[in-house]
Amino acid sequence: MMQGGKIAVIVLATAGILSTPLIWLLNSPGAGQLAGASVQTAVGIVTLVWALFQNPAPAGPTDRATRTGRASRGGLTGIKRPGGRGHGSATAERTGDASGEGSVSGIDYSS
């Protein structure tokens, strides 16, 4: 779960734990309202605990190019991420030579 989503679930769970059951209990509740408040509080607590134990989502795949060959006549030795798209890290090490128009050695972010 992403960090922003986790924070939203925690805030909503806390609001659910405190809001309606508190209002019900302040108005001289009957047995049904007391049971409803208990169930709503329990669901809010379970949701809060669930959100607290969620691990953050991974940043994305890791792209890696090492010891690539030579690029000529518009070729690419390495990683292509058009327009900078893609998640995670991209690493290019000891890439080959690039010769000729449009050839790229390493990471290509062009469109």
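Since the model is a prediction, treat every value here as computed from it, not as a measurement.

**Some remarks on the overall build of the chain**
- Assigned secondary structure in the chain consists of two helices and six strands.
- Counted from the first residue to the last, the chain has its helices and strands arranged as α-α-β-β-β-β-β-β.
- Relative to the compact-globule value of 13 Å for 111 residues, the chain shows a C-alpha radius of gyration of 27 Å, a clear excess of over 25%.
- Along the longest, intermediate and shortest principal axes, the C-alpha atoms of the chain span 85 × 25 × 15 Å.
- Sorting the 111 residues of the chain into buried and exposed places 16% on the buried side.
- Considering only intrachain contacts with a sequence separation of at least 6, the fraction spanning at least 24 residues in the chain is 69%.
- Each charge class in the chain can be summarised by its mean position, and for the 9 positive and 5 negative side chains these summaries are 7 Å apart.

**Notes on the side chain of S103**
- By secondary structure assignment, the location of S103 is in the loop between β5 (98-99) and β6 (104-108).
- In this structure S103 comes out as buried when scored by relative accessible area, which is 16%.
- Separated by 2.8 Å, the side chain of S103 and the backbone oxygen of S99 make a polar contact.
- Every residue in contact with S103, bar those within four places of it in the chain, is listed here: A71, S72, R73, G74, G75 and A98.

**Points about unusual backbone geometry**
- Backbone geometry places R67, a non-glycine residue, at a positive phi of 50°.
- In this fold, R67 is placed in the loop between β1 (63-66) and β2 (71-72).
- The phi torsion at R94 lies on the positive side, around 45°, for a residue other than glycine.
- Turning to its location among the elements, R94 is positioned in the loop between β4 (90-93) and β5.

**Notes on a nonpolar patch on the surface**
- A surface patch of nonpolar side chains, about 400 Å² in accessible area, is lined by I45, V49, L52 and F53.
- With respect to the helices, strands and loops of the structure, L52 is situated in helix α2 (residues 31-52).

**Focus on the confidence of the model for the chain**
- In this model, the chain carries a mean pLDDT of 78, and residues with pLDDT of at least 70 account for 91%.
- For the chain, helix α1 (residues 3-26) is the element with the lowest average pLDDT, namely 78, and α2 is the one with the highest, namely 83.

Definitions and limits used
Per-chain numbering applies: the sequence of each chain, read as written, is numbered from 1 onward. Totals for whole chains, interfaces and linings use every residue, but because this is a predicted model, local features are given only for residues with pLDDT of at least 70 and side-chain atom pairs only at 80 or more, for both listing and counting. Side-chain calculation: all heavy atoms of the structure are included, whereas hydrogens and water are not. Strands here are runs of E lasting at least two residues and helices are runs of H or I lasting at least four, both read from the DSSP assignment and numbered beginning at the N terminus. Radius of gyration here is computed from C-alpha atoms only, and the compact-globule reference equals 2.2 Å multiplied by the residue count raised to the power 0.38. For every residue, the accessible area (1.4 Å probe, protein chains only) is compared with the maximum for its type, and the residue is labelled buried under 20%, exposed over 50%, or partly exposed between those bounds. Whether two residues are in contact is decided by their heavy atoms, any of which lying within 4.5 Å being enough. Note that His is not counted, nor are the chain ends; the positive residues are Lys and Arg, and the negative ones are Asp and Glu. Throughout, a charge is located at the NZ atom of Lys, the CZ atom of Arg, the CG atom of Asp or the CD atom of Glu. Definition of a polar contact: a pair of N or O atoms within 3.5 Å, with one able to donate and the other able to accept a hydrogen when the atoms are protein atoms, and with sequence-neighbouring residues admitted only if both atoms are side-chain atoms. Two distance rules govern patches: like charges are joined within 9 Å, and nonpolar side chains (Val, Leu, Ile, Met, Phe, Trp, Tyr) within 5 Å, applied only to residues with over 30% relative accessible area and no salt bridge. Computed with the Shrake-Rupley method and a 1.4 Å probe, the accessible areas treat only the protein chains shown as cover for residues. The rule for a salt bridge is simple: a side-chain nitrogen of Lys or Arg has to be within 4 Å of a carboxyl oxygen of Asp or Glu. Per-residue confidence from the predictor is given as pLDDT, running between 0 and 100.

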